[in-house]
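# Coordinates in review
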Amino acid sequence: MSKVRVLVLRAPGTNCDMETIFAFEQAGAEVSRLHINRFVRGNERLADYQIMVVPGGFTYGDDIAAGRVLANELRLGLGEDIKRFVADGKLILGICNGFQVLVKAGILSVDGGKIPLTLTDNDSGRFECRWVYLAADPESPCIFTRGVERMYLPVAHAEGKVVVAGEVPDRNIVLRYTDEQGNLGAGYPLNPNGSQADIAGMCDDTGRIFALMPHPERFIRGTQHPRWTRCEVGEQGDGLRIFQNAVAWAESL
Amino acid sequence: MHRVEVRLKSHLPDARGAGLVKDIRDLGIETVSDVRVVDIYWLDAELPPDKLDLICRSLLADPVIQDYRSDSTISTDTDKAANRRVVEVTYNPGVMDPVEETVMKAVRDLGIVDVRAVKTAKRYLIEGELDNGQLDSICGKLLVNPIVEHIVRSDTVPFSEHPRYHFRLNHYNILDAGGSGLAAVHKDFSFSAPELKAIIDHFREQGRNPTDVELETLFQTWSEHCVHKTFKARITSNGVVIDNLLRSTIAKATAELNKPWCLSVFMDNAGVIAFDEKWALCFKVETHNHPSAVEPYGGAATGIGGVVRDPLGTGLGSKPICNTDVFCFAPPDYPHEKVPKGVLHPRRIFKGVRAGVADYGNRLGIPTLNGAILFDERYLANPLVFCGTLGLMPRELSQRGQQRAGDLVVVVGGRTGRDGIHGVTFASEQLTEKSSTLSFTSVQIGNPIVEKKVIDILLQARDRKLYRRITDCGGGGLSSAVGEMAADTGVRVDLEKVPLKYAGLTYSEIWVSESQERMLIAVPPECIDELMELFDSEDVEAAVIGEFTDNHHLRLFYHGELVGDLSMEFLHDGLPQMNMEAVWQQPLHTEPDFASPDNLGGDLLKVLGTWNVCSKEWVIRQYDHEVQGGSVLKPLVGRDSDGPGDAAIIRPLLDSDRGVIVSNGINPNYGELDPYWMAASAIDEALRQIIAVGGSLEQVALLDNFCWGDTRRPDMLGALVRATQACHDVALVYGTPFVSGKDSLNNEFEYEGRVIAIPHTLLISAIGIMADVNRAVSMDLKQAGDLIYIVGDTYSELGGSAYLATRDLIGNSVPRVDAPRAKTLMDNLSVATRKGLVKACHDCSDGGLGVAIAEMAFAGGLGATIRLEHVPLGEPIDRNDFILFSESNSRFLVEVAPENREEFEKTLGNTRWAAVGEVSDSGMLEVYGLDGRRVVNESISELKEAWQSPLRW
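Residues numbered from 1 in each chain as written. Chains lettered and ligands numbered in written order. Predicted model: local features only at pLDDT ≥ 70, side-chain atom pairs only at ≥ 80, totals over all residues. Heavy atoms only, no water.

This part is about the overall build of chain B. Scanning chain B from terminus to terminus reveals 31 helices and 40 strands. For chain B, whose C-alpha radius of gyration is 29 Å, the value lies close to the compact-globule estimate of 30 Å for 953 residues. Oriented by its inertia axes, the alpha-carbon framework of chain B measures out at about 85 × 75 × 60 Å. Looking at the 953 residues of chain B, the share that counts as buried comes to 66%. Considering only contacts within chain B whose residues lie at least 6 apart along the sequence, 83% involve residues at least 24 apart. A total of about 33,500 Å² of accessible surface is found on chain B, and carbon and sulfur atoms cover 48% of it. (Helix = DSSP H or I, 4+ residues; strand = E, 2+ residues; numbered from the N terminus. Rg over C-alpha atoms; globule rule 2.2 N^0.38 Å. Buried < 20%, exposed > 50% of the residue type's maximum accessible area, 1.4 Å probe, protein only. Contact = heavy atoms within 4.5 Å. Areas by Shrake-Rupley, 256 points an atom, 1.4 Å probe, with all protein chains shown as cover.)

Here is the structure:
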């Protein structure tokens, strides 16, 4: 069986591409790291891949607002291709800046875009690099978090606060910030950005488009855990499951 | 022209505004209840309403959270309200906000091609009663830096025309003795008398006068910043002649050690050492002090941008994998009224520098893993900003390339503007009250995404072997980069081919501009098409601006006209060696004369809360220290991930267990007493941190960064000579070669006729290779019942200590280094760690044993009991406070499980060590004095609070 093909989409300011590739390779995929210009200019085809990832970074400097410029570029330059990609039952993952991009491009939306959604400045007004406790919704249709109950992952962002004009249906909320015991409403800094309903990650109704602010690719092996020198941490990091789930699903395509 | 205003919907909190409310309160103004920030965009275009609305709706504003208005819908009065002040701030002409370039691109993406330019501004709506004086204070101290910004008035023109440039070739008439040429040279350049004489002699031989661009080239190339003439000078030091300070001290140690793993030292833009069979690491630390003094944000950002280009421009190019930053400021609580005119308040400098480093470094995707922040009043006008970058490259690409005649000179990346003209000379000269107004062209706002694009594309060009040589455009701009690269061939440059940000630059300005984000490569003609195509594929600019020759001349043309012609021999070897005098005398300070307090708990709390010792978490959390996924030991460690780790460890190759340890040592307080022992202590500190996290001295490379006052004064130079001698002596014994370095001299400020020099400051940065990162150890206590050892002798060395500083004393007994003994001790301890016998280890530095054990305890969330009577002493000490706070070097506190006691002690052998206490679950730090009475009994939560509260901004 040929390996699952993953596209790590790169744009000016993308900077988590290499570790995202490593994570997918650990999960058994074959990964291509390609610049968006190659798709916009027609040198490459999205259709050649089963999983598309928009990794973390500061695309176009996050100028104007985080992810906005790449979002427009995707929407206007690759909108039709992405629609077909999704219609073909393939997977899209957005991490950190990728979350901001997918939301602002309307690729990840709630109720067909009828419930307006965005990400904005952290309540603290600061860039925050810290580890967070996450709880996954076991009922979620999300492919990427199957079998995941809790995770511990780092965040590193300045604009991670999810703002929704209205109620988000539970099926679209995949990950929430919690305290160490898994309780919601833990407040800052456990919810590092003031996100509405403690939302850390969301998916579309199909569960095949998933995006999150924390970085699963930064916790693939035990020594990335901030306290691995203190406690028994397994060889494998919490984040790896996300990539393994995606690859396992794509193998069945 | 169109104007667009974007603001948050009124019911949403404004995080940017809330930060300003806090800053305003810090100024002592309590009446401001709210600040809201409005983003302003001017578009230079005539657009139909539907197109303008499309830009607003789908680009500039986020309809979920923001409202926008444009042109006619903006009524100037709507922002007016009772008790509200409105201030609008924009960048000065010629200062580019990177956002403007992005908006241009994004507007084109929307299919709108007729926008000629974009300009941004910020409008602040300040709620609360303020008198005009308070408003001026808020504007002057927080919102506006006149170096780069101004307040928008009703008659402000956002898009000013750049003046046209009409070519005229300028000469300086220096050969005609009666002419005005020499006076003009003195006015425009600060050549020394011997330098000027060499220039006159040279051009007399040529039988012609120099052009302006020729003198500019010499001035840049011969500047302290570019050529380090002090370190190469002939120095008479206390009667002994030293010919070339660098070669006879620091570089000499490297040559004597002659390590096979040193691949490229003191010859390229960064030092290179082997990492494993296939990979090499290169490391460089630079300073960006003067620009950060006048415009902290832009100065520090371009400091990061500049140092990142060093590893990128070393060998055939390396990938930046880690940053380190060390700052020196005046205390943040320095009284506002005592700050001299033209100097920014230290708190503002601190916040601006932090933001600049974070914004630039985070955007480049380089983890900031290690650093330090020090405070001293003498850094008031001369803050120090050290930025370092570690790069990774294939070993076979570690050597500097060599271009051939016929290869093309290609400049890539950012465009050239009037930025930073005369930046290197600015960097090498003393600041005065006038500096802020004189130096405006020296500062620019960097554009990290342009640099990121350059890194991404250059590494691809490198792997495709599309260029033969690379260097960065840094100080001196093209003049230094091209001049140096062509030193052993010759070059022809057509200056009009350099891509410009705007029209109006003279040929000379193009040549010396220090615009950021530019690199220079030598491209074989047969590769140029592929290279241009590659750069175009990612929208990175590259331009052929000339050709390397074999005539050993630098020839500059502007539209075909020869504007400069210098022989490489004169340019690079014509600078006369300086003759300098150095004198050093041991100073004598007041000895401490107070009794040892019965209870030292209060003193411990006080030392923990000093600016130098306290937690820097507020800064660290705003840097991304996880990006690239390689972090093994983070800057903050312990039960709550908030303890002060000793050194950072990263895994550069995600599929390998080999790691790099990054550490630093710096203690300017000791320089006051003896710069020799200051330098020795800084090296010892950097190495201690490497040992503390589980490394060894087997493969450690050092960098030196000297920041000094005016070394033309013999006492200042004498101190420098002593420090460099220690670098040689100590590095030799430890077996740790220097691989690169940098200096920034003349860090002085003239104020009301008085000269304030910074303390002698030497930063030692170290990288150590760690064979297996799984052996790393963190400093937090792990388990109650474990034993605590102190390794290394304690002496009565309180001179320059944090403890004496809390009593406004400095003393005389500077901490010394017994390097041969310390080496054995570090080697043995590192074997113990490798054997897995060490559960926690922390070095004793600022605040000595007392601070070290307190930090270990609260980082681990555990108590500890320590008995001072067991501490091994190098000389008799009869005071508890001196034992607790002595800053003797080469000492460690180590946590060992009771079952490993014997094996640990056996491994340490006959070095000096003792078990001095145990870990407890009491939550208390208890210290018992020489007579067995308790002298410290403090809860770890209170100790932690004292340590965390000062910088909890």
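On the chain A side, the residues contacting the 64 residues of chain B number 53 residues. Taken over both partners, the interface formed by chain B and chain A buries close to 4,700 Å², and the fraction arising from carbon and sulfur atoms is 52%. Counting across the interface, chain B meets chain A through nine salt bridges. Lys105 of chain B is the partner of Glu73 of chain A in a salt bridge, and the nearest nitrogen-oxygen pair spans 3.0 Å. For the interface between chain B and chain A, the tally reads 29 residue pairs in polar contact (both at pLDDT 80 or more). (Buried area = accessible area lost by both parts, 1.4 Å probe. Salt bridge = Lys/Arg side-chain N within 4 Å of Asp/Glu carboxyl O. Polar contact = N/O pair within 3.5 Å; in protein donor to acceptor, adjacent residues only side chain to side chain.)

Before going further, it helps to examine the domain arrangement of chain B. For interface size, the figure often reported is the accessible area lost on association. Segmenting chain B into domains produces domain 1 (2–151) and domain 2 (601–732 + 762–948). Placing the centre of domain 1 of chain B and that of domain 2 of chain B at their C-alpha centroids yields a distance of 47 Å. (Domains from an automatic or database assignment.)

Bringing the side chain of Arg218 of chain A into the picture now. Secondary-structure assignment places Arg218 of chain A in the loop between β11 (209–212) and α5 (240–251). For Arg218 of chain A, a relative accessible area of 1% gives the class buried. Once you skip the residues sitting within four places of it in the chain, Arg218 of chain A turns out to touch Cys16, Trp131, Pro154, Ala156 and Gln224 of chain A together with Asp624, Glu626 and Val627 of chain B.

A few words on empty space enclosed by the protein. Following the criterion strictly, the structure yields seven cavities of 30 Å³ or more and no others. In this structure, the largest cavity encloses a volume near 840 Å³. Lining of the largest cavity is provided by 42 residues; of these, Gly371, Ala372, Lys616, Pro644 and Gly645 of chain B occupy positions nearest its centre. Elements represented by at least two residues in the lining of the largest cavity include exactly β12 (319–329), β13 (368–375), α22 (617–620), β26 (643–644), α24 (675–692), β35 (840–843) and α28 (848–860) of chain B. When grouped by side-chain class, the residues that make up the lining of the largest cavity number 20 nonpolar, 13 polar and nine charged. Of the volumes computed, that of the second largest cavity is approximately 120 Å³. Listed by contribution, the elements that provide at least two residues to the lining of the second largest cavity are α4 (97–104) and β7 (150–157) of chain A. Classifying every residue of the lining of the second largest cavity by side-chain character gives eight nonpolar, eight polar and four charged. (1 Å grid on protein atoms, 1.4 Å probe; cavity = no way out; pocket = protein on both sides within 12 Å on 5 of 7 lines; lining within 4 Å. Points joined across faces, edges and corners; volume = space filled by probe spheres on them. Nonpolar A, V, L, I, M, F, W, Y, C, P; charged D, E, K, R; others polar.)

We now examine the pattern of salt bridges. Within this structure, the stated rule accounts for 84 salt bridges over all chains. The partner of Arg41 of chain A in a salt bridge is Asp539 of chain B, and the shortest N-O contact between them spans 2.7 Å. With Arg41 of chain A in the loop between α2 (36–40) and β3 (51–54) and Asp539 of chain B in the loop between α19 (528–537) and β20 (542–548), this pair bridges two chains. The residue Asp674 of chain B makes a salt bridge to Arg722 of chain B at a minimum N-O spacing of 2.7 Å. Of this pair, Asp674 of chain B sits in the loop between α23 (668–671) and α24 while Arg722 of chain B sits in helix α25 (residues 714–734); the two residues are 48 residues apart in sequence, bridging distant segments of the chain. Taking the relative accessible area as the measure of exposure, Asp674 of chain B reaches 3% and is therefore buried. Under the relative-accessibility criterion, Arg722 of chain B is labelled partly exposed at 22%. Three or more residues are tied together by salt bridges with common partners; here these are Arg3, Glu5, Arg7, Arg69, Asp79, Glu88 and Arg123 of chain B.

Such a bond, covalent and formed between the sulfur atoms of two cysteines, is termed a disulfide. Applying the stated rule across the entire model yields zero disulfides over all chains. Residue Cys96 of chain A stays outside any disulfide, its sulfur separated by 6.5 Å from that of Cys16 of chain A, the closest cysteine. The exposure class assigned to Cys96 of chain A is buried, which follows from its relative accessible area of 5%. Lacking any disulfide linkage, Cys844 of chain B is separated from the closest cysteine sulfur, that of Cys841 of chain B, by 9.0 Å. On the accessibility criterion, Cys844 of chain B (1% relative accessible area) is buried. (Disulfide = S-S within 2.5 Å.)

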